[in-house]
There are 2 protein chains.
Amino acid sequence: MTQTLSTTPAADGFWMPAEYEPHAGCWMLWPERADNWREAARPAQFAFVGVATAIAQFEPVTVGVSAAHYEIARTFLPPSVRVVELAHDDSWMRDVGPTFVVNKRRDVRGVDWHFNAWGGLNGGLYFPWDQDDLVARKVLEVENRDRYRSAIINEGGALHVDGEGTVLVTEECLLNANRNPHLNREQIEEQLRAYLGVSTVIWLGKGVFNDETDGHVDNLACFIRPGEIALGWTDNKRDVQHAISLDAWERLQDAVDARGRKLKVHKLPMPRPLSISAKEAAGVVSREGTKARPAGERLAGSYVNFYIANGGVVMPLLDPRTDKEAAAKLKRLFPDRRVVGVPAREVLLGGGNIHCITQQVPAGKH
Amino acid sequence: MTQTLSTTPAADGFWMPAEYEPHAGCWMLWPERADNWREAARPAQFAFVGVATAIAQFEPVTVGVSAAHYEIARTFLPPSVRVVELAHDDSWMRDVGPTFVVNKRRDVRGVDWHFNAWGGLNGGLYFPWDQDDLVARKVLEVENRDRYRSAIINEGGALHVDGEGTVLVTEECLLNANRNPHLNREQIEEQLRAYLGVSTVIWLGKGVFNDETDGHVDNLACFIRPGEIALGWTDNKRDVQHAISLDAWERLQDAVDARGRKLKVHKLPMPRPLSISAKEAAGVVSREGTKARPAGERLAGSYVNFYIANGGVVMPLLDPRTDKEAAAKLKRLFPDRRVVGVPAREVLLGGGNIHCITQQVPAGKH
């Protein structure tokens, strides 16, 4: 019995737990589109296999795949990963999957945000997105969890919570005219309070430079535990990213979380500016209505785009010149977890990274 | 972690429990093909909704549906029924779904028979059947159950077990040249012993007259408890069905089950001969390679094609002239269960009935 509820999580005593709280498992999707992923998505598929395999060391992983790709996904993914049929328009489970919420009894439910491919017909990345918009519902059916259908357009990557009443978002995304132009900042906050069970909204300005999601916070900054944040950082003042990170830093210095704490901000070094090569760009089949992948375009690479698993952190490897420093920093930030790096340039080429392609299911009771 | 095992259920101490043992739930599929179901399958969909709703009173029901039909199925089915995306070539979960087996600890696993649409290119009902052949595997992934991939072509409707070592089959189906022509009777028995964990195979001759599955036993006879069988019966000697039922009766009189018991056979009256009307036939879009539905063709109607649920029996209503008598008889045969009738002519028009479109998952531990 899975119902669509007409109430809100907050009204029912539910809230979104933090990613660092215990998980029942993790959902992903299988990359398929040749107009976003080069070489018919084969290199991306291998990268996703790497991510799924890494996470499966820590918790159960389920990968959703279209009927047409089912057998190939089942063949490439290890037996430790569950594969279920699940149509989608692209493979960003963070954004199209449910945002899970829990209550004091650890009942688990899911929020199914409206989805418009990061901007709809006004800057969205492809058309149509109807199958994406069904993903959260289908995941909740498989999980046997009740569903809240939020009225607003939103994506899981646009928010990070501390599990204690605070949510972190960016103005670039949440206040973008291509999401919910009929709602002002206060009304957006009201929706976040209602659907995430938070009391405090911390607003950053812009997300990572040239992030095509309109600045999802999950590529720039995240909670690593209550009161502490990892922020993507560069000291290079000639990099346009510097001003963005500095602005976020300053806002975070001024911020107070839901429990009244000042935040401790850890700078996580970003990779040097990365861009898509001519060869990589040539492997993408361009298509009208889908975002182009021109050679030389800067990629929104960030080590903040990691996934926190039970006992682990799965981080993207993006550049041998900076991977080690980032991994060392993450190990210091997560002393009780095993940090595992996975080659993720192919994920980055498609427009996101490990956090964007995953969605945790909190541990709960059935 | 769902594995495909290279052993057999019997070797691992597993066997198929009887349908009258406790269930964890029931799986079905959504009818979609316009070349088998009249009027683009809409009347069949309503009939399937009736069946799913009836079973959901007794146990959890999951319906698999293609991506294209997901929203309409979710709209028509009640919230008490779970809907998951699951491509298929047609909607006979009994035949394409896994045959579940258990061991003494009530671990549950599934047998994934090879499937060839009831005869492949030699009398099969449609081409291709590749999506059907993936259904069992996909169900097992959703269920998180390990899988045995049987070497033989077989269908769940071709067998009925008593849960105590006996399986009931028909020669017409299991020995048909369009299934496993390279295996003789003894070799087929060996496969049934290995994959169903049985020791005794009881062979009936033919199935119900004009049953396009090549005489599936589940339309003619089934165990209602250990040592007792319900057999579809007609006293009308001018009906070709009479000789078939009589032959089955005589074989059952001679049979001894795995525990050494003689069988008690209960005659369950069949409906009078039913056939597809011109109007009904006209609603089917004929297609090369798919079995035709000519007006006037006799339908393989049988009240034996019921589903035993937890505490219930869900039976097909086929003809007001005979439904009540069949229901009364079933109530006597199942005094501890609630007998629920569901209008099922639309299911019959597609070539089977309630048992054919369902597959039970035995209760077990996870």
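Calculation notes
- Residues take numbers from 1 onward in each chain, read along the sequence in its written order.
- Starting at A for chains and at 1 for ligands, labels are handed out in the order in which the entities are written.
- Whole-chain, interface and lining totals are the exception, using all residues; otherwise, since this is a predicted model, local features are given only for residues with pLDDT of at least 70 and side-chain atom pairs are given and counted only at 80 or more.
- With hydrogens and water stripped out, all remaining heavy atoms of the structure feed into the side-chain values.
- Whether two residues are in contact is decided by their heavy atoms: any pair within 4.5 Å suffices.
- Two parts lose some accessible area (1.4 Å probe) when they are put together, and adding that loss for both gives the buried area.
- A side-chain nitrogen of Lys or Arg and a carboxyl oxygen of Asp or Glu constitute a salt bridge if their distance falls within 4 Å.
- As used in this record, nonpolar core signifies buried Ala, Val, Leu, Ile, Met, Phe, Trp, Tyr and Cys residues forming a set joined through side-chain atoms within 4.5 Å.
- Exposed residues in this analysis have more than 50% of their type's maximum accessible area, buried residues have under 20%, and partly exposed residues fall in between, with area computed by a 1.4 Å probe over protein chains only.
- Put simply, DSSP marks the helices as runs of H or I at least four residues long and the strands as runs of E at least two long, and each gets a number from the N terminus on.
- Confidence of the predictor at the level of single residues is given by pLDDT, which spans 0 to 100.
- Strands qualify as paired when DSSP identifies two bridges or more between them.
- Computed over the protein atoms alone on a 1 Å grid, cavities are sets of points where a 1.4 Å probe fits but cannot get out and pockets are open sets with protein on both sides within 12 Å along at least five of seven lines; a residue lines them when it has an atom within 4 Å of a point.
- Grid points are joined across faces, edges and corners, and a volume is the space filled by probe spheres set on the points.
- Three classes are used, and their members are as follows: Ala, Val, Leu, Ile, Met, Phe, Trp, Tyr, Cys and Pro are nonpolar, Asp, Glu, Lys and Arg are charged, and the others, Gly among them, are polar.
- Axis lines are fitted to C-alpha atoms, over the contacting stretch for helices. Their N-to-C directions set the angle, which ranges from 0 to 180 degrees.
- When the copies are overlaid, the least-squares fit takes in C-alpha atoms only where the residue has pLDDT of at least 70 in both copies.

Below, the discussion takes up the interface of chain A and chain B. Contacts between the two partners involve 22 residues from chain A and, on the opposite side, 22 residues from chain B. Taking both partners together, chain A and chain B bury about 2000 Å²; carbon and sulfur atoms supply 53% of that area. Broken down residue by residue, the surface that chain A buries against chain B is led by A:R82, A:E85 and A:E141, which jointly contribute 29%. Linking chain A to chain B there are four salt bridges. With a shortest N-O distance of 2.8 Å, A:E141 and B:R74 are connected by a salt bridge.

In this section: the nonpolar core. Grouped burial of nonpolar side chains is what soluble globular proteins tend to show. One finds A:F306 and B:F306 to be the most contacted residues of the largest nonpolar core, which totals 193 residues. In terms of residue count, helix α1 (residues 42–56) of chain A provides more of this core than any other element does, nine residues in total. For A:F306, the contacting residues outside a window of four places in its chain are A:E19, A:C222, A:I224, A:L268, A:V313, A:V314, A:M315, A:P316, A:L330, A:F334 and A:H355.

For chain A, the mean per-residue pLDDT works out to 97, and 100% of the residues sit at or above 70. Interface scoring of the predicted complex returns ipTM 0.92; its pTM is 0.95.

Attention now goes to the sheet that holds strand β9 (residues 166–170) of chain B. All names here are of chain B. The sheet built from three strands is open, its strands ordered β8-β9-β10 with mixed pairing. Every other strand in the sheet has two partners, leaving β8 (160–161) and β10 (200–204) as the edge strands with one partner each. As judged from the five bridges shared by β9 and β10, these two strands associate in the parallel manner. In the sheet register, V167 faces β10, and the bridge partner there is V201.

Here we take up the layout of surface pockets. By volume, the largest pocket amounts to about 910 Å³. Tallied by class, the residues present in the lining of the largest pocket amount to 20 nonpolar, twelve polar and seven charged.

Turning our attention to the sheet that holds strand β6 (residues 108–114) of chain A. Hydrogen bonds between backbone groups are what pair the strands of a sheet, and the pairing can be parallel or antiparallel. All names here are of chain A. Taken in spatial order, the four strands of this open sheet run β1-β7-β6-β5, and their pairing is mixed. Edge positions in the open sheet fall to β1 (4–5) and β5 (99–102), since each of these has one partner strand only. Of the pairings in the sheet, the one linking β6 to strand β7 (residues 147–153) comprises four bridges and is parallel in character. Counted as the bridge partner of G110 is R147 from β7. Strands β1, β5, β6 and β7 of the sheet are contacted by helix α4 (residues 130–143), whose axis makes an angle of about 165° with β6. Set on the sheet, helix α6 (residues 185–196) makes contact with β5, β6 and β7; between it and β7 the angle comes to about 170°.

A word on the relation of the copies chain A and chain B. If you rotate chain A by 180° and push it 0.0 Å along the axis, it lands on chain B with an RMSD of 0.0 Å. What we have between these two chains is a two-fold relation. Closest approach to the rotation axis among the C-alpha atoms of chain A is made by A:E85, whose C-alpha sits 3.0 Å away. Of the interface residues in chain A, 100% have counterparts in chain B that sit at the interface too, so the contact is made through matching surfaces.

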